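Listed here are the chains, written in short residue letters.
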Amino acid sequence: MTRDRGNRPSRTVSDRVIRRICAVLAAICGAGGLAVFFHIGWSQSAGFPSESVIPESVLWGLALLIACTGLLVLSHGDDEHEPRIIGWPVAGCLIADGLGALAYTVTNEPSAVGATSFILIGVGAAIAAVAEMLARRLWRRRRIRERAEISGVDVEGTVTHLSSAVHDDRDVWWATVSFSVPGGTTYTTKHLFDHKPRMGARVGVRYLPEHPGRAVVIRPPRDPRSWSPGR
C-alpha cells in the first residue's frame, strides 16, 4: 500500500508531462495546417493554377489539422472527441482558406475567390461551434452516468423492450429498462447485454435524483435463468 501511494504523484506528474507534450505538438501541427490552407486561399485568389497548389497541399494541411485535433483531445484527457475530430479540421480548413483569400484581396486586387472568403470563414466558424457544442453535450452525459454509477440511488427496473445487434462478430442485446422514482414518475434507460435477457426480467438501476433520465443499469447475473420474472 505504501508503494501504491508513492507511485500516485509520479503517475500524476507523468500524465501532466505527456499532456503538455501533446499540447505543444498540437500547436505545431495546427499552425502548420492553418498556414498550408492560408497559402491555398492566397494562391487561389492570386490566380495560380489550382493543379499545382491544391492536391498535395490539401492532403498535407488536412493531415496536420487532424493530428492537431487528436493531440488536443489527448492533452485535455477528453474521451468524447468524435464531434471535434471531424468538425475542427474542416472548420480550420475553411477559416484559414478564407483568411488567405481575404488577405490577398485586401493587399492586392479583388478576385472572385476573395469575395467568398467571408462565407468560408462564417461556415467554418459555425462548424467549429457545432462540433464543440456536441462534444460538450456528450461529455456532460457521460459524466452524469459515471456519477450515477458511483454515487447514485439504487432501484429495481424491468426489461420492457429488446432489440438485437452484432458487436465484434457476436450477437448482443439492447434492453430498454423502465424504473420508477419516488413520486411515481417512470423513466427508461438502455443497456447493452452480452446475453439475451427475458422480457420482464428485474434488473438493478442506479440514478442521480437530479438527473433520473441518465440512469445506468447495474449488470445482472450472466445467466438469465437467475433473473426473477417481472410481475
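Residues numbered from 1 in each chain as written. Predicted model: local features only at pLDDT ≥ 70, side-chain atom pairs only at ≥ 80, totals over all residues. Heavy atoms only, no water.

On to a nonpolar patch on the surface. Together, V13, V17, I21, V24, L25 and I28 line one region of the surface with nonpolar side chains, adding up to about 520 Å² of accessible area. For V13, the position within the fold is in helix α1 (residues 2–46). (Patch = residues over 30% accessible without salt bridge, like charges linked within 9 Å, V, L, I, M, F, W, Y side chains within 5 Å. Areas by Shrake-Rupley, 256 points an atom, 1.4 Å probe, with all protein chains shown as cover. Salt bridge = Lys/Arg side-chain N within 4 Å of Asp/Glu carboxyl O. Helix = DSSP H or I, 4+ residues; strand = E, 2+ residues; numbered from the N terminus.)

Counted according to the given criterion, the structure contains 6 salt bridges. In this structure, the salt-bridge partner of R136 is E132, at a minimum N-O distance of 2.7 Å. In this pair, R136 and E132 are both assigned in helix α5 (residues 117–151), 4 residues apart and thus about one turn of the helix distant. We classify E132 as buried; its relative accessible area is 18%. R147 is the salt-bridge partner of E210, the closest N and O atoms lying 2.9 Å from each other. Here E210 is found in the loop between β4 (202–208) and β5 (211–218), whereas its partner R147 is found in helix α5, with 63 residues between them in sequence. When its relative accessible area of 46% is taken as the criterion, E210 is described as partly exposed. Judged by its relative accessible area of 41%, R147 falls in the partly exposed class. (Buried < 20%, exposed > 50% of the residue type's maximum accessible area, 1.4 Å probe, protein only.)

On to the environment of F193, then. Tracing the backbone shows F193 in strand β3 (residues 186–193). A relative accessible area of 3% means that F193 is categorised as buried. Sequence spacing of F193 and D171 is 22 residues, and the spatial spacing of their C-alpha atoms is 9.4 Å.

So, on to the nonpolar core. V159, V177 and F179 are the most contacted members of the largest nonpolar core, which has 13 residues in total. Every element with two or more residues in this core is listed here: β1 (153–167), β2 (170–180), β4 and β5. Excluding anything up to four places from it in sequence, F179 contacts V155, E156, G157, T185, T186, Y187, T188, T189, V205, Y207, P212 and A215. (Core = buried A, V, L, I, M, F, W, Y, C linked by side-chain atoms within 4.5 Å. Contact = heavy atoms within 4.5 Å.)

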